[in-house]
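These are the residues of each chain, in order.
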Amino acid sequence: MNVVNRVLVIAALVGLIVAGLVLVSSPEYLLAGLQYWTVDAVVTPRDRIASAILGGVLVILSGTVLYFELRPQPGKTVVISRMSDGEAALEVQSIAQRIRQQVEALEGVRQAAPQVVSRGRRVDVRMVVLTGTEVDVPDKAAEIGTVVRSSIEKMGVSLGKQQLTLRYEASP
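These remarks concern the structure in this document. (Residues numbered from 1 in each chain as written. Predicted model: local features only at pLDDT ≥ 70, side-chain atom pairs only at ≥ 80, totals over all residues. Heavy atoms only, no water.)

1. Focus on helix α3 (residues 45-70)
If you check α3, its first and last C-alpha atoms are 37 Å apart, about what 26 residues at 1.5 Å a residue would give, namely 38 Å. Residues Ser51, Gly55, Ser62 and Leu66 constitute the buried set of α3. (Helix = DSSP H or I, 4+ residues; strand = E, 2+ residues; numbered from the N terminus. Expected span 1.5 Å × (residues − 1). Buried < 20%, exposed > 50% of the residue type's maximum accessible area, 1.4 Å probe, protein only.)

Dropping the structure here:
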(Lines give C-alpha, C1' and ligand atoms only; values in the text may rest on other atoms or scores of the structure.)
Protein backbone atom coordinates (compact mmCIF):
# COMPACT_ATOMS: atom_id res chain seq x y z
CA MET A 1 0.00 0.00 0.00
CA ASN A 2 2.90 2.34 0.75
CA VAL A 3 4.20 1.97 -2.81
CA VAL A 4 0.77 2.74 -4.28
CA ASN A 5 0.47 5.88 -2.13
CA ARG A 6 3.93 7.04 -3.17
CA VAL A 7 3.19 6.49 -6.86
CA LEU A 8 -0.08 8.43 -6.56
CA VAL A 9 1.62 11.33 -4.81
CA ILE A 10 4.38 11.46 -7.42
CA ALA A 11 1.83 11.36 -10.26
CA ALA A 12 -0.20 14.17 -8.66
CA LEU A 13 2.91 16.30 -8.18
CA VAL A 14 4.01 15.79 -11.78
CA GLY A 15 0.48 16.77 -12.89
CA LEU A 16 0.66 19.94 -10.80
CA ILE A 17 4.05 20.80 -12.30
CA VAL A 18 2.66 20.35 -15.83
CA ALA A 19 -0.39 22.49 -14.95
CA GLY A 20 1.90 25.18 -13.53
CA LEU A 21 4.06 25.16 -16.65
CA VAL A 22 0.94 25.54 -18.80
CA LEU A 23 -0.13 28.51 -16.67
CA VAL A 24 3.28 30.11 -17.03
CA SER A 25 3.68 29.52 -20.77
CA SER A 26 0.05 29.84 -21.97
CA PRO A 27 -2.22 31.50 -19.41
CA GLU A 28 -4.91 31.77 -22.09
CA TYR A 29 -6.19 28.28 -21.23
CA LEU A 30 -7.08 29.25 -17.68
CA LEU A 31 -8.34 32.65 -18.64
CA ALA A 32 -10.54 31.20 -21.42
CA GLY A 33 -12.05 28.85 -18.84
CA LEU A 34 -12.75 31.76 -16.54
CA GLN A 35 -14.46 33.63 -19.38
CA TYR A 36 -16.71 30.62 -19.91
CA TRP A 37 -17.97 30.87 -16.34
CA THR A 38 -18.24 34.65 -16.25
CA VAL A 39 -19.80 35.86 -19.48
CA ASP A 40 -18.82 39.50 -19.21
CA ALA A 41 -15.22 38.96 -18.10
CA VAL A 42 -12.47 40.70 -20.07
CA VAL A 43 -8.94 39.32 -19.94
CA THR A 44 -6.46 42.05 -19.09
CA PRO A 45 -2.66 41.99 -19.10
CA ARG A 46 -2.86 42.06 -15.31
CA ASP A 47 -4.79 38.75 -15.40
CA ARG A 48 -2.06 37.24 -17.58
CA ILE A 49 0.67 38.32 -15.15
CA ALA A 50 -1.29 36.97 -12.18
CA SER A 51 -1.79 33.66 -13.99
CA ALA A 52 1.92 33.42 -14.79
CA ILE A 53 2.86 34.15 -11.18
CA LEU A 54 0.37 31.57 -9.91
CA GLY A 55 1.79 28.99 -12.32
CA GLY A 56 5.36 29.77 -11.24
CA VAL A 57 4.50 29.38 -7.57
CA LEU A 58 2.72 26.10 -8.34
CA VAL A 59 5.76 24.76 -10.21
CA ILE A 60 8.19 25.77 -7.46
CA LEU A 61 6.11 24.33 -4.61
CA SER A 62 5.30 21.09 -6.45
CA GLY A 63 8.92 20.68 -7.53
CA THR A 64 10.15 21.14 -3.97
CA VAL A 65 7.71 18.58 -2.58
CA LEU A 66 8.62 16.17 -5.41
CA TYR A 67 12.32 16.57 -4.60
CA PHE A 68 11.74 15.68 -0.94
CA GLU A 69 9.58 12.72 -1.98
CA LEU A 70 12.24 11.30 -4.33
CA ARG A 71 15.48 12.07 -2.49
CA PRO A 72 17.39 8.99 -1.35
CA GLN A 73 16.83 7.87 2.20
CA PRO A 74 19.77 6.92 4.42
CA GLY A 75 20.49 3.21 4.41
CA LYS A 76 19.52 0.93 7.27
CA THR A 77 22.57 -1.25 6.71
CA VAL A 78 26.27 -0.72 6.10
CA VAL A 79 28.35 -3.00 3.87
CA ILE A 80 31.13 -4.66 5.85
CA SER A 81 32.55 -6.95 3.15
CA ARG A 82 32.01 -7.87 -0.47
CA MET A 83 32.19 -11.46 -1.62
CA SER A 84 32.27 -12.94 -5.10
CA ASP A 85 28.60 -13.94 -4.89
CA GLY A 86 27.23 -11.11 -2.71
CA GLU A 87 27.98 -8.90 0.23
CA ALA A 88 27.74 -8.92 4.01
CA ALA A 89 25.94 -6.05 5.68
CA LEU A 90 25.37 -4.94 9.26
CA GLU A 91 22.30 -3.05 10.48
CA VAL A 92 22.99 0.44 11.80
CA GLN A 93 20.73 -0.34 14.78
CA SER A 94 23.17 -3.09 15.80
CA ILE A 95 26.07 -0.67 15.56
CA ALA A 96 24.22 1.91 17.66
CA GLN A 97 23.36 -0.70 20.31
CA ARG A 98 26.96 -1.84 20.61
CA ILE A 99 28.26 1.73 20.83
CA ARG A 100 25.69 2.54 23.53
CA GLN A 101 26.65 -0.51 25.60
CA GLN A 102 30.36 0.22 25.42
CA VAL A 103 30.05 3.94 26.14
CA GLU A 104 27.63 3.39 29.05
CA ALA A 105 30.18 0.97 30.54
CA LEU A 106 32.64 3.86 30.95
CA GLU A 107 33.00 5.39 34.40
CA GLY A 108 31.05 8.63 34.81
CA VAL A 109 28.69 7.96 31.89
CA ARG A 110 25.05 7.51 32.90
CA GLN A 111 23.39 7.27 29.51
CA ALA A 112 24.38 7.33 25.84
CA ALA A 113 22.06 7.88 22.88
CA PRO A 114 23.89 7.26 19.59
CA GLN A 115 22.41 7.87 16.14
CA VAL A 116 24.19 6.02 13.35
CA VAL A 117 23.76 6.93 9.67
CA SER A 118 25.06 4.67 6.89
CA ARG A 119 27.24 6.21 4.17
CA GLY A 120 28.01 3.14 2.06
CA ARG A 121 30.96 1.45 3.75
CA ARG A 122 31.27 4.21 6.36
CA VAL A 123 29.01 5.39 9.18
CA ASP A 124 28.49 8.79 10.75
CA VAL A 125 27.79 8.83 14.48
CA ARG A 126 25.99 11.54 16.43
CA MET A 127 25.69 10.90 20.13
CA VAL A 128 24.35 12.60 23.23
CA VAL A 129 26.00 11.41 26.44
CA LEU A 130 24.61 12.12 29.90
CA THR A 131 27.33 12.39 32.56
CA GLY A 132 27.72 13.46 36.14
CA THR A 133 29.09 16.87 37.10
CA GLU A 134 32.35 15.37 38.37
CA VAL A 135 33.50 14.41 34.86
CA ASP A 136 36.41 16.23 33.21
CA VAL A 137 34.87 17.15 29.86
CA PRO A 138 37.89 17.17 27.49
CA ASP A 139 39.27 13.89 28.83
CA LYS A 140 35.86 12.17 28.82
CA ALA A 141 35.12 13.37 25.28
CA ALA A 142 38.45 12.00 24.06
CA GLU A 143 37.85 8.70 25.86
CA ILE A 144 34.36 8.34 24.38
CA GLY A 145 35.67 9.19 20.90
CA THR A 146 38.33 6.48 21.21
CA VAL A 147 35.79 3.91 22.40
CA VAL A 148 33.42 4.73 19.54
CA ARG A 149 36.18 4.54 16.91
CA SER A 150 37.58 1.23 18.19
CA SER A 151 34.10 -0.27 18.57
CA ILE A 152 33.18 0.57 14.98
CA GLU A 153 36.51 -0.61 13.57
CA LYS A 154 36.13 -3.97 15.38
CA MET A 155 32.90 -4.49 13.45
CA GLY A 156 34.71 -4.01 10.12
CA VAL A 157 33.22 -0.58 9.42
CA SER A 158 35.05 2.70 8.97
CA LEU A 159 34.00 5.81 10.87
CA GLY A 160 33.08 8.94 8.93
CA LYS A 161 32.04 11.94 10.98
CA GLN A 162 31.64 11.78 14.73
CA GLN A 163 29.71 14.36 16.73
CA LEU A 164 29.53 14.13 20.50
CA THR A 165 27.38 16.22 22.83
CA LEU A 166 27.91 15.94 26.58
CA ARG A 167 25.17 16.87 29.05
CA TYR A 168 25.50 17.09 32.80
CA GLU A 169 23.07 15.64 35.29
CA ALA A 170 23.41 16.41 38.96
CA SER A 171 24.19 13.41 41.19
CA PRO A 172 21.21 12.04 43.12
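2. Comments concerning the sheet that holds strand β5 (residues 158-169)
Adjacent strands of a sheet form backbone hydrogen bonds with each other and so pair up, either parallel or antiparallel. Strand order in the open sheet formed by three strands is β3-β4-β5, and the pairing between neighbours is mixed. Among the strands making up the open sheet, the edge pair consists of β3 (109-119) and β5. Across this sheet, the average inter-strand angle for adjacent strands is 15°, counted without regard to direction. With 10 bridges connecting them, strand β4 (residues 122-132) and β5 associate as parallel partners. Its bridge partner lying in β5, glycine 132 is registered against glutamate 169. Across the face of the sheet, helix α4 (residues 92-104) comes into contact with β3 and β4 while running at roughly 155° to β3. (Pairing = 2+ DSSP bridges. Axes fitted to C-alpha atoms, helices over the stretch in contact; angles between N-to-C directions. Contact = heavy atoms within 4.5 Å.)

3. So, the packing of helix α1 (residues 2-25) against α3
Contact geometry of α1 with α3 gives a least axis separation of 7 Å together with a crossing angle of 155°. Classified by the interaxial angle, the pair formed by α1 and α3 is roughly antiparallel. Every pair of crossing elements has a handedness; the one defined by α1 and α3 is left-handed. (Parallel < 35°, antiparallel > 145°, perpendicular 65-115°, else oblique. Left-handed = near helix turned anticlockwise from the far one by under 90°.)

4. Some points on α4
Relative to the 18 Å expected for 13 residues at 1.5 Å per residue, α4 spans 18 Å between its end C-alpha atoms, a close match to the ideal helical length. Those residues of α4 that sit buried are Val92, Ile95, Ala96, Ile99 and Val103. In a view along the axis of α4, the buried residues occupy a sector of 95°, so they form one face of it. Those residues of α4 hidden inside the fold are in contact with β1 (77-83), β2 (86-91), β3, β4 and α5 (137-154). (Arc of directions from axis to C-beta.)

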